[in-house]
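Geometric and topological summary
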Amino acid sequence: GAVVSQHPSWVICKSGTSVKIECRSLDFQATTMFWYRQFPKQSLMLMATSNEGSKATYEQGVEKDKFLINHASLTLSTLTVTSAHPEDSSFYICSSGGAGEASSYNEQFFGPGTRLTVL
Amino acid sequence: GDSVTQMEGPVTLSEEAFLTINCTYTATGYPSLFWYVQYPGEGLQLLLKATKADDKGSNKGFEATYRKETTSFHLEKGSVQVSDSAVYFCALRRGGGADGLTFGKGTHLIIQP
């Protein structure tokens with residue numbers, strides 16, 4: 001199956017700083033990528049949908065100015081948590097829909113996640 | 001809005017036992033339904049899916065049938081192995097590949113030898 005990587009796998013930062021998380025599709029091109037957030041013992045919550053070359057679509061209740069998403073190429077999407085606070089501490093997971101014959105629009109491929117801890 | 005409810009764990013079984021993890025959903029229209037599995041330290045992997053009522057998804061001995069009348073998609077396996085220990089997520093997607101997924105909370109399955 002297709003591989004999606006995330007970097008970093010975990011990060012600790014001070015309150016007020018910004019953190020960038022990268023999501024890459026390694027062996028296929030993804031026109032659409034999704035960002036999810038997971039709290040301990042909770043389900044994954046969709047935060048936003050990013051499409052290559054256009055603005056991301058945010059779910060209700062997600063602050064677009066706080067969670068900046070850039071999808072500048074078919075293999076890379078980034079999530080920047082701006083002015084992070086302890087309540088932003090969470091597990092962030094990206095997934096990528098496929099493009100072209102090598103991928104199926106019925107399946108999303110997930111990255112391993114990034115654990116963010118804001119002190 | 002859409003929602004998925006699944007039994008919470010942990011669920012602990014002995015090897016070769018029969019497994020059922022219940023999943024029910026609430027959604028408008030005709031969503032596609034999925035089971036994902038997450039092994040320790042890895043990303044979610046698609047286990048099986050069903051896109052319309054009465055479809056049965058199956059993979060690696062796991063099965064789930066899309067039951068529209070009961071809005072359910074229960075996961076079953078006849079004989080579990082230690083290697084099946086993982087967290088299982090039930091999910092739905094209302095539209096096509098350009099739509100995100102709505103997940104249940106996940107069920108931690110522990111299989112003892």
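Check the entry above for the structure.
All values derive from a computational prediction rather than experimental measurement.

Parameters at a glance
Residues numbered from 1 in each chain as written. Chains lettered and ligands numbered in written order. Predicted model: local features only at pLDDT ≥ 70, side-chain atom pairs only at ≥ 80, totals over all residues. Heavy atoms only, no water. Helix = DSSP H or I, 4+ residues; strand = E, 2+ residues; numbered from the N terminus. Rg over C-alpha atoms; globule rule 2.2 N^0.38 Å. Buried < 20%, exposed > 50% of the residue type's maximum accessible area, 1.4 Å probe, protein only. Contact = heavy atoms within 4.5 Å. Areas by Shrake-Rupley, 256 points an atom, 1.4 Å probe, with all protein chains shown as cover. Lys, Arg positive; Asp, Glu negative; His and termini not counted. Charge placed at Lys NZ, Arg CZ, Asp CG, Glu CD. Disulfide = S-S within 2.5 Å. Phe/Tyr/Trp six-rings, centres within 6.5 Å; stacked < 30°, edge-to-face > 60°. Pairing = 2+ DSSP bridges.

When its secondary structure is counted, chain B shows zero helices and twelve strands. In chain B, the succession of α and β elements from N to C terminus is β-β-β-β-β-β-β-β-β-β-β-β. Taken over the C-alpha trace, chain B has a radius of gyration of 13 Å; the compact-globule value for 113 residues is 13 Å, and the two agree within 12%. By principal-axis analysis of the C-alpha atoms, chain B measures approximately 40 × 30 × 20 Å. In chain B, buried positions account for 44% of the 113 residues. The long-range share in chain B, meaning contacts at least 24 apart out of those at least 6 apart in sequence, stands at 56%. Of the roughly 5,200 Å² of accessible surface on chain B, 47% is carried by carbon and sulfur atoms. If you average the places of the 10 positive and of the 12 negative side-chain charges in chain B, the two averages end up 6 Å apart.

Bringing the state of the cysteines into the picture now. Applying the stated criterion across every chain, the model contains two disulfides over all chains. The partner cysteine of Cys23(A) in its disulfide is Cys94(A), sulfur to sulfur 2.0 Å. Between Cys23(A) and Cys94(A) the disulfide shows an S-S torsion of about 80°. By sign, it is right-handed. Taken together, the residues Cys23(A) in strand 3 (residues 19-25) and Cys94(A) in strand 9 (residues 90-96) connect sequence positions 71 residues apart. As far as burial versus exposure is concerned, Cys23(A) and Cys94(A) are alike and both buried. Shown here is the disulfide that connects Cys23(B) with Cys90(B), its sulfur atoms set 1.9 Å apart. Its S-S torsion of about -70° marks the bond between Cys23(B) and Cys90(B) as left-handed, since a negative value means left-handed.

Going through the model one piece at a time under the given rule, you end up with ten aromatic pairs over all chains. Here the aromatic cluster, defined as three or more aromatic residues joined through ring pairs, consists of Tyr36(A), Phe110(A), Phe34(B), Tyr36(B), Phe89(B) and Phe103(B).

The next thing to look at is the pairing of strand 6 (residues 45-50) of chain B. Residues and elements named next belong to chain B. Here five bridges tie strand 5 (residues 32-38) to strand 6, and the two strands are oriented antiparallel to one another. Bridged to leucine 33 within strand 6 is alanine 50. Turn length for the strand 5-strand 6 hairpin, with the two strands adjacent in sequence and antiparallel, is six residues, and the turn residue glycine 41 shows positive phi of about 80°.

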